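Secondary and tertiary structure notes
Here is how the chains run, residue by residue.
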Amino acid sequence: MSIARASIDKALITWLLMLACLLGGIWGFATIGRLEDPAFTIKNAIIITQYPGASAEQVAREVSEPIESEIQKMGEIDFITSSNKPGISRISVNIESIYDGTELPAIWTKLRNRVNDARRHLPPEAMTPIVNDNFGDVYGVFYAVTAPGFSDAEVHEISEYMRREMLAVDGVADVAVAGLPSEAIYVDTRTSIITNLGIGPSAIGAALSNTDSRTTAGSVSQNGQDIRIQAPEGSDTVDEIANLTIGVGGEVIDLLDLATVERARVTEPTEIIRFQGQEAFTLGVAGKGSLNIVDVGNRVDARLDEIMRDVPAGVQLHPIYQQHVVVDEASNDFLMNLAMSVAIVVIVLALFMGWRAAVVVGATLLLTVVGTVFLMSIFSIEMERISLGALIIAMGMLVDNAIVVAEGMQGDMAQGKSARDAAEDVANKTQTPLLGATVIGIMAFAGIGLSPDATGEFLFSLFAVIGISLLLSWILAITATPLLGHYFFKVGSGEGGDHYGGPLFRAYRATLSVALKLRYLVILALIGITVVCYIGFGQVKQQFFPDSNTPIFYVHYKLPQGASIHRASDDMRLVENWLAERDEVDSVATFIGGGATRFMLTYAPEEALPTYGHLIIRANSLEEIPPLRADLEAFGRSTLTEGEFRTERLAFGPGGGAPIAARFSGPDPVVLRELAEQAKTAFVATSDQLQDLRTDWRERELAIVPRFADERAKAAGVTREDLAQALEIGTDGIQVGYYREEDRLIPIILRSSSARDEGAAHLADLPVYSDAAETYIPVAQIVNGFTWEAQNTFLVRRDRVPTITVLAGVPAGVNASAVFAEVRGAIEAIELPEGYVLEWGGEYENSTEAQASLGKQLPLSLIIMVLISVLLFGTIRQPVIIWLLVPMSVNGVALGLLGTGLPFSFTALLGLLSLSGMLIKNGIVLVEEIDLVRAEGVPFRQAVLDASTSRLRPVVLAAATTILGMIPLLSDAFFASMAVTIMGGLGFASVLTLIAAPVFYYSFFPGARKEDAAARKAQAA
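Let me sum up the structure you'll find in this document.

Parameters and conventions
- Residues numbered from 1 in each chain as written.
- Predicted model: local features only at pLDDT ≥ 70, side-chain atom pairs only at ≥ 80, totals over all residues.
- Heavy atoms only, no water.
- Helix = DSSP H or I, 4+ residues; strand = E, 2+ residues; numbered from the N terminus.
- Buried < 20%, exposed > 50% of the residue type's maximum accessible area, 1.4 Å probe, protein only.
- Salt bridge = Lys/Arg side-chain N within 4 Å of Asp/Glu carboxyl O.
- Polar contact = N/O pair within 3.5 Å; in protein donor to acceptor, adjacent residues only side chain to side chain.
- Contact = heavy atoms within 4.5 Å.
- Expected span 1.5 Å × (residues − 1).
- Pairing = 2+ DSSP bridges.
- Axes fitted to C-alpha atoms, helices over the stretch in contact; angles between N-to-C directions.

1. So, unusual backbone geometry
Positive phi, close to 55°, is recorded for Gln 276, a residue that is not glycine. Take Gln 276: it is sitting in the loop between strand 13 (272-275) and strand 14 (278-287). Positive phi, normally seen in glycine, also occurs at Ser 380, with a value near 60°. Structurally, Ser 380 is set in the loop between helix 12 (355-378) and helix 13 (385-414). Residue classification places Ser 380 among the exposed positions, given a relative accessible area of 58%.

2. Details of the pattern of salt bridges
Summed over all chains, the structure comprises 45 salt bridges. Of the charged contacts, one joins Glu 68 and Arg 797 as a salt bridge, the two residues approaching to 2.6 Å between their closest N and O atoms. Taken together, the residues Glu 68 in helix 3 (residues 56-71) and Arg 797 in strand 28 (residues 795-798) connect sequence positions 729 residues apart. In this structure, Arg 698 engages Glu 699 in a salt bridge whose closest nitrogen and oxygen atoms are separated by 4.0 Å. Classification of Arg 698 by relative accessible area gives buried; the value is 6%. Taken together, the shared-partner salt bridges in this structure form one network comprising Lys 558, Glu 606, Glu 644, Arg 646, Arg 694, Arg 698 and Glu 699.

3. So, the side chain of Ser 89
Following the sequence through the fold, Ser 89 ends up in strand 3 (residues 88-95). A distance of 2.8 Å separates a polar atom in the side chain of Ser 89 from a polar atom in the side chain of Ser 64. Those residues within four positions of Ser 89 in sequence are excluded, and the remaining contacts are Ile 47, Ile 48, Thr 49, Val 59, Val 63, Ser 64, Ser 83 and Asn 84.

4. Quick notes on helix 30 (residues 906-935)
Think of an α-helix as 3.6 residues a turn; residues three or four steps apart then line up on the same face. The terminal C-alpha atoms of helix 30 lie 44 Å apart, and with 30 residues this matches the ideal 44 Å at 1.5 Å per residue to within 8%. Counting buried residues along helix 30, 27 of its 30 residues qualify, which places the element largely inside the surrounding structure. Of the residues trailing helix 30, Gly 937 is marked for its positive phi of about 95°.

5. Notes on the sheet that holds strand 23 (residues 734-741)
Across the sheet, four strands lie side by side as 12-7-24-23; this open sheet has mixed pairing. Unpaired on one side and paired on the other, strand 12 (259-265) and strand 23 mark the two borders of the sheet. Averaged over all adjacent pairs, the angle separating strand axes in this sheet is 25°, with direction ignored. Where strand 7 (residues 183-189) meets strand 12, seven bridges bridge the pair, whose relative direction is antiparallel. Looking at strand 12, one finds that Thr 189 is bridged to Ala 259. Lying on the sheet, helix 7 (residues 201-209) is in contact with strand 7, strand 23 and strand 24 (744-752); it crosses strand 24 at an angle near 160°.

Nothing here speaks to function; it is geometry throughout.
Given below as structure tokens:
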């Protein structure tokens, strides 16, 4: 008994299967995890090491080099980069893409061990390296909090209260707070007094460092019990610190007699954040990865509403990004698109096959979709952008199986067969070809789903969902469809005439008959069209991942190295004021000194620099961004001429960074800067479509270098360290202790009253304390003057080699791939000295790596697909006929993309793979049908015509329903190019299936053709 017949005979089992899909789908929609983007692991860790007083070159040589050398011994490393600034090393470790998230904890442990091993090679002055392997955490519920009129201490209390309450919300993994005002206790010494008294900075520092230190005071035993003695509390107010006393030469002196003490904001903060131009701090909430972000986000919002009733009036909460809202809207949009697609399928089928077939196929399609959601929930596949898109992509192939079975049953039953006989007959002929074609369709996506890199991880759910949905569609097509057909299809008398005698079928049969006669001309025409379309496809714009459909874009602004963070803040204030007058702007979040907390998986924060300004601008709608962005760029570039002003659209998927990047590596920084200048010149000379040319090393920065007079300093008992300390006290000040306030540690900074003086003129007059002479000596007596020196203060290395990268952007709407093709030759023509190499980064590197990774998987997928097609037929000729159609699938794609002007993005590649699967599937069923008709003894030519005609309606209907089902995706920025690829390609592919496949089949069997011709002649005679 066949499966199809059994599905009718044992209807209870079939109904249970259908009910399981329906109820399981409802349960799945309620419980499935929801995300905005699929979770892919950011296989990156950051190692921060402070080395106070060292130049960037010293940091690179003495700190980064030993740590990188040790890390490079790890076999899991892909590449290492480091940025070296005066006093700080930042090493970025990137792990090979073949390791997934489950293996990373062990790798990070090994990394920490390597870093610990490297510590013994570091200078004693270098601090302990800090390994941050949570660099990829995403804080998708991201708010700005403003508290005008509140003191800095009160703002800290408010932030701590909100963070504590957020951490208690069910499902919250972590809460990140940024942008809080930084305070310090400044002790400004009066230079003339301490010089006259001969009080050294160490004496003052020692007194301040012990103001509120924690120390033990022992214990006593009494009656057999140990009783701990509590040490006296230290100074816990600023006034108490000011009233400290210092012992000097047997005398006690009040600190207030020597210095002024005040609590104030630090003069050079590391970060400034504003929202809508108002000072703010940010609150980022990360949900646990396994949970539904919509539920977690709603719980967070509910708790925030409660909290805001308790915080003081005036504190306001402003959403910057709400991932749960975006995800909820995407889910609702998907349900709408799904309903529209199913409705389109039902309407098209009702028009061409009648309402009964529409109900049967539509019900099977609905069961397939909800059953897929059920299985997604079971296998912990979240509902996100890619998995939802996979269901839409699979829609054409999902409906195809049911159409083939329903159409075959309806035809047989119209001829008088019972539902059981019709189901058995159709299933016997089609279930094996449909299964083989379904597996081939799944394998078309295996290369993407099994790719080990970030792109493969990002798109894995596509492969998983398509695999689940297609296999389920085949199961339901041979079980649920026959049963529903049994209830809805009518048994005819068998006298209704030819089932394929309608005008459309007759016209197709006549056209195909002519094509068979002129087969060689048809084949030449197909080859010619394919060649022309391939040439046209070369003109299609290329793109890695498209821009996001979230109405957000960024501003990046960098002043020359050495500029103050306050100067960057003032410049950003000008932009904020300009944006405040634009009606298209919904909100503006400003970050100075570094990027924002990672609020999206695809958002990569910029490295912290005081010269960096960053805006996150939310427009009212997506359509308003291009003109707003163009006007903003014009304003920024004309007004802020001293800095580098550029904008960037939010993009989907992994990647990011500058669209075009050329990396030069070699030993000498001077030579590297010269090569970078040559590259800039070549860029400008070869293309006018480039903008924002820059290097990642930034500009050299001026440094003041004292010329230490060794002999005079030696005689005075002054060391280099004494001089450095005196200069630091006379400028930035030195930290000598902490002031404790609740759980905060506020640094105590000791500096001289001249620290606030502008310029460098006062440096020579600063006093240096000599421990040997117990007196102060002017700096001028122990230096031979000061010199100005231009230094590299931002050195980047890649795999331990100094590497400078020339970065370039392209105007909005210009294809980066086309511009790269223009400039590539000129850059590669630059003559490199021995020991120097050029590598391309940017979008070219991202897409090349993704396609190379995909290319490694495709051969296996293709072998399996070809093997299945050969096993299905047991011969070679039929598979060759089917695979000859595949190269022609590009024809409709080229026409569609050129006609719409959309680029061929990575998602369009998915559409092309889907299209190939559909084309192969239709080809298999058609060729299998010709073989079956021939096996019944029908003459060769007539068998080709009859079988092709019988496949007309399933092919046309599957194409029409798929093409029309793609319409809802045309408005989605992520899937638009994929939708056009499938729509244009499938329209042409239908012609290939219905004309090219029969013509190839007819041409590939010359023996059968001759026998048929001889038989027709004999019959005519």
